[in-house]
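Structural description and commentary
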Amino acid sequence: MKQMSHLDDDDVPSTPGKFKIDKSPYFHRSTRSLPKLAFWSLLFLGFIFIFFYRSPSSPSPVSSDPSRRSLRTYSWGGPAWEKRVRSSARVRTRRGVSVLVTGAAGFVGTHVSSALKRRGDGVLGLDNFNDYYDPSLKRARQALLERSGIFVVEGDINDAALLRKLFEVVPFTHVMHLAAQAGVRYAMENPSSYVHSNIAGFVNLLEVCKSANPQPAIVWASSSSVYGLNTKVPFSEKDRTDQPASLYAATKKAGEEIAHTYNHIYGLSLTGLRFFTVYGPWGRPDMAYFFFTKDILRGKAISVFEGANHGTVARDFTYIDDIVKGCLGALDTAEKSTGSGGKKRGAAQLRVFNLGNTSPVPVTHLVSILERLLKVKAKRNIMKLPRNGDVQFTHANISSAQRELGYKPTTDLQTGLKKFARWYLGYYKGGKKAAS
């Protein structure tokens, strides 16, 4: 396996939509919207309370809920462990910052952690290495990070004692919260894992951050899925997000409302990033471009969905390098939190941004590109889009991110998939590992 280097920068037609910039702040709300905000906040906080306290306080030897089992299997602490934590989080440049990256062994987390370390920031990773997809890929990413001097602590964001210890050892200036239960379809199989990670875990992290002194600024991963059944395109941060099409989307929407609550009450600086279909080397095996590649090389048929009346299914595919630039831009422009010891001292920054490519591409076109790159003809099964949470079309309006973060995606799908295919064939040794 090759060591990951900095990913460098055929065209796919761009179809940007027309939009009108609303100069009012994102979270400016009329008095008529306050009851709805209160309802959402109370609903989800109540859900979290029930989730936290429905289980016995004393753990059984084997938990019946896989999403909670991880809290009882990790070991951490001790002088040697603390030394590794401090060393990894040590800032190497005069203007550097110290960042706790949750989900560091994940796809986006690995790339963001590497980028932060390259520029001299102190970086400490945290990941629970769950088996939602092949843990060996996460371990390979971990090895990659450790070769660059990044220690990834093995633990769960629901472990409040662990989080408090990390903040005790290192006074982090920033948190890049990328840990989450991902995937739209898996929510139909294991819904509790989404509540555990995306709601309860987020609240647990915010609880620790609010009490830290100093409080860190927090950048966290929301999702383009929050736009749900919205039909207005391109999707703008001002658009309605109260029609989720999946439980995953609902938990991410809940996260945005919870972020508003902690910002309002405790003065935490929070920036949410709505990612649009991220792809690239070291990606997630549950994403279409990844398992399409695997199945095409194995000669297996792939299911390609179409909308009602043979409508096109398209995605705003966004290359990982562009997403990383957006994450770093959000972190670099994040203002300090205004609270101290759990008490708010003044108004704090609260933002949300779309990070997309602004060029939706039909999934059928993605398959055609993969066929050319892999030099294998795909066996396509055209099927109707199932009602499992997937939406037919995504398209990002990125004007706010361009203006506030300097965000400018530069990688088209042809170029990005070429880099992914090169990595995939190298990592899986010509497809042999994927076929085994």
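Residue numbering note: each chain is counted from 1, following its sequence as written. Only residues with pLDDT of at least 70 get local features here, since the model is predicted, and only at 80 or more are side-chain atom pairs given and counted; chain-wide, interface and lining totals rely on the full set of residues. Working from all heavy atoms in the structure, the side-chain values ignore hydrogens and water.

As annotated in an unreviewed UniProt entry, the chain is UDP-glucuronate 4-epimerase from Eruca vesicaria subsp. sativa. Its UniProt record gives the chain the following Subcellular location (unreviewed entry) comment, quoted word for word: "Golgi apparatus, Golgi stack membrane". UniProt positions are given in the numbering used here, feature names are shortened, and annotations may be inferred rather than shown by experiment. Note on the chain: under the UniProt heading Subunit (unreviewed entry), the record states "Homodimer."

As for the confidence of the model for the chain
A residue's pLDDT is simply how confident the predictor is in it, with values from 0 to 100. Here the chain shows a mean pLDDT of 86. Residues at 70 or above account for 81%. Within the model, pLDDT remains below 50 along residues 1–34, and this stretch shows 65 contacts once partners closer than five positions in the same chain are excluded. The contact criterion used throughout is that any non-hydrogen atoms of two residues lie within 4.5 Å. In this model, residues 50–72 is a region of pLDDT below 50 whose contacts with residues beyond four sequence positions or in other chains number 25 contacts.

What about the environment of K344?
Put simply, DSSP H or I for four residues or longer makes a helix, DSSP E for two residues or longer makes a strand, and each gets a number counted from the N terminus. Mapped onto the fold, K344 is located in strand β12 (residues 343–344). Throughout this description, buried means an accessible area under 20% of the type-specific maximum (1.4 Å probe, protein chains only), exposed means over 50%, and partly exposed covers the range between. Classification of K344 by relative accessible area gives partly exposed; the value is 34%. When the C-alpha atoms of K344 and G267 are compared, they prove to be 4.7 Å apart, with 77 residues separating the residues in sequence. Polar contacts involving the side chain of K344 include one to the main-chain carbonyl oxygen of H264, which spans 2.8 Å. Pairing of N or O atoms within 3.5 Å defines a polar contact, subject to two protein rules: one partner must be a possible hydrogen donor and the other a possible acceptor, and residues neighboring in sequence count only if both atoms are side-chain atoms.

Topic: the pattern of salt bridges
By convention in these notes, a salt bridge is any Lys or Arg side-chain nitrogen within 4 Å of a carboxyl oxygen on Asp or Glu. Summed over all chains, the structure comprises 16 salt bridges. Taken together, the salt bridges that share partners define one network made up of E82, R86, K165 and E168.

A few points about the nonpolar core
The nonpolar side chains of a soluble globular protein tend to be buried with one another. Core analysis: the largest hydrophobic core is formed by 73 residues, its most contacted members being V108, V112, M176, F275, Y289, L366 and W423. Contacts of V112, omitting those with residues within four sequence positions, involve M176, L178, V324, C327 and L328. Residues belong to a common nonpolar core when they are buried Ala, Val, Leu, Ile, Met, Phe, Trp, Tyr or Cys residues joined through side-chain atoms within 4.5 Å. Grouped together as the second largest cluster of nonpolar side chains are 36 residues, A89, I157, L166 and Y266 included.

A closer look at the environment of Y289
When you line up the elements, Y289 lands in helix α9 (residues 288–298). Judged by its relative accessible area of 2%, Y289 is buried. Sequence separation between Y289 and F420 is 131 residues, and the spatial gap between their C-alpha atoms is 9.2 Å. If sequence neighbours within four positions are ignored, Y289 has contacts with F107, V278, Y279, G280, G283, R284, L366, L370, L417 and F420.

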